[in-house]
Amino acid sequence: DSVAIAGQMLVGVQLGAGNRNEARRITRITLQAGLGLGAIVGVVFLGAGLVIPEWFSTDPGIQRLTTIGMVVTGLALSLQGWMWGADGILIGAGDFTYLAWTCSAVTGVYLALLAGLAFILAPRLDDVAVAYGFLWLAFDLGLMGGRALTNGLRIRTDAWMPPSLQTSASLAVSGR
């Protein structure tokens, strides 16, 4: 999130100054930093998930669930770091309507995934830890991955930039 906030401010300043190319350059740097730092934190989180679960409980079942949650999330943190960077850029550009609609749509998909897990998959599983792993996958890939996809599709265009900085092709796409 700290990368997203910094990118948000830096890109917002460039957009306000009318510097489209510099805003794009800072966007690329922000996304790369989010991806890289997410990967670093993810590796640490994954490693910690293999070592520290006994800090949370003496119960082996709880330790297993802690390991599963931390390992699955650790593997997905680079994607989430990238997504949070993109989120910050779009917030800094004031693209709130797009974010509201896409976050709502992705949340709808995520809720459908959760319902499928709860009512279709989980009753067929013998091991609660496997169901728990699927819950984390649904969050990391369904919700966060969906947000990464929608944010990435938006950032590939100029539609998130103020109209004065958009190309004629992006103006046609955004309907402005």
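Please read these numbers as outputs of a predicted model, since none were measured by experiment.

Calculation rules
- Residues numbered from 1 in each chain as written.
- Predicted model: local features only at pLDDT ≥ 70, side-chain atom pairs only at ≥ 80, totals over all residues.
- Heavy atoms only, no water.
- Helix = DSSP H or I, 4+ residues; strand = E, 2+ residues; numbered from the N terminus.
- Buried < 20%, exposed > 50% of the residue type's maximum accessible area, 1.4 Å probe, protein only.
- Contact = heavy atoms within 4.5 Å.
- Areas by Shrake-Rupley, 256 points an atom, 1.4 Å probe, with all protein chains shown as cover.
- Lys, Arg positive; Asp, Glu negative; His and termini not counted.
- Charge placed at Lys NZ, Arg CZ, Asp CG, Glu CD.
- Phe/Tyr/Trp six-rings, centres within 6.5 Å; stacked < 30°, edge-to-face > 60°.

**Points about the overall build of the chain**
Link 1 in the chain: For the chain, the count of helices and strands is seven helices and zero strands.
Link 2 in the chain: Counting from the amino terminus, the chain carries its helices and strands in the arrangement α-α-α-α-α-α-α.
Link 3 in the chain: Taking the principal axes of the C-alpha coordinates as reference, the chain spans close to 60 × 35 × 15 Å.
Link 4 in the chain: Per-residue burial for the chain yields a buried fraction of 40% across its 176 residues.
Link 5 in the chain: Once local pairs closer than 6 in sequence are excluded, the contacts in the chain between residues at least 24 apart make up 71%.
Link 6 in the chain: A total accessible area of about 9500 Å² is found for the chain, and carbon and sulfur atoms account for 70% of it.
Link 7 in the chain: Of note, the chain has its 10 positive side-chain charges centred 15 Å away from the centre of its 10 negative side-chain charges.

**Concerning the packing of aromatic side chains**
The geometry of an aromatic ring pair is captured by two quantities: the separation of the ring centres and the angle between the planes.
Link 1 in the chain: Under the definition given, this model contains three aromatic pairs.
Link 2 in the chain: Aromatic side chains Y110 and F139 sit 6.3 Å apart centroid to centroid with 70° between the ring planes, which places their arrangement in the edge-to-face category. You can see Y110 sitting in helix 5 (residues 96-121) and its partner F139 sitting in helix 6 (residues 128-155), a full 29 residues away along the chain.
Link 3 in the chain: Seen in terms of ring centroids, Y132 and W136 are 6.4 Å apart; in terms of plane orientation they differ by 80°. Their pairing is edge-to-face. In this pair, Y132 and W136 both sit in helix 6, four residues apart, roughly one turn of the helix.
Link 4 in the chain: Overall, Y132 belongs to the partly exposed group, its relative accessible area being 27%.
Link 5 in the chain: Put simply, the rings of Y110, Y132, W136 and F139 touch in pairs and so form one group of aromatic residues.

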